[in-house]
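# Per-entry structural report
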Amino acid sequence: MINIKQLVNDEQCYQFIRQRRWPDGVSCPHCQGNRI
């Protein structure tokens, strides 16, 4: 469920989408490295 208050400004929206897309952190799709 999405709480609309999390999408109030650009920074909050960015953080919300990033957390939903990569819940375990961002990693390289080729080598699975996390130094991106």
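So, here's what we can say about the structure. All values derive from a computational prediction rather than experimental measurement.

Here the focus is the state of the cysteines. As enumerated under the stated definition, the model contains zero disulfides in all. Here cysteine 28 stays free of any disulfide, with the sulfur of cysteine 31 as its closest cysteine sulfur at 3.7 Å.

Take unusual backbone geometry next. Despite not being glycine, glutamine 32 has its phi angle at roughly 60 degrees, a positive value. Tracing the backbone shows glutamine 32 in the segment after α1 (10-21). Accessibility expressed as a relative area gives 54% for glutamine 32, which makes it exposed.

With that out of the way, let us pick up the environment of valine 26. Its location among the elements puts valine 26 in the segment after α1. Its relative accessible area of 22% is what places valine 26 among the partly exposed residues. Separated by 10 residues in the primary sequence, valine 26 and isoleucine 36 have C-alpha atoms spaced 7.4 Å apart. Apart from residues no more than four positions distant in its own chain, valine 26 is found in contact with Arg18, Gly33, Asn34 and Ile36.

Reading the values: the criteria
Residues numbered from 1 in each chain as written. Predicted model: local features only at pLDDT ≥ 70, side-chain atom pairs only at ≥ 80, totals over all residues. Heavy atoms only, no water. Disulfide = S-S within 2.5 Å. Helix = DSSP H or I, 4+ residues; strand = E, 2+ residues; numbered from the N terminus. Buried < 20%, exposed > 50% of the residue type's maximum accessible area, 1.4 Å probe, protein only. Contact = heavy atoms within 4.5 Å.

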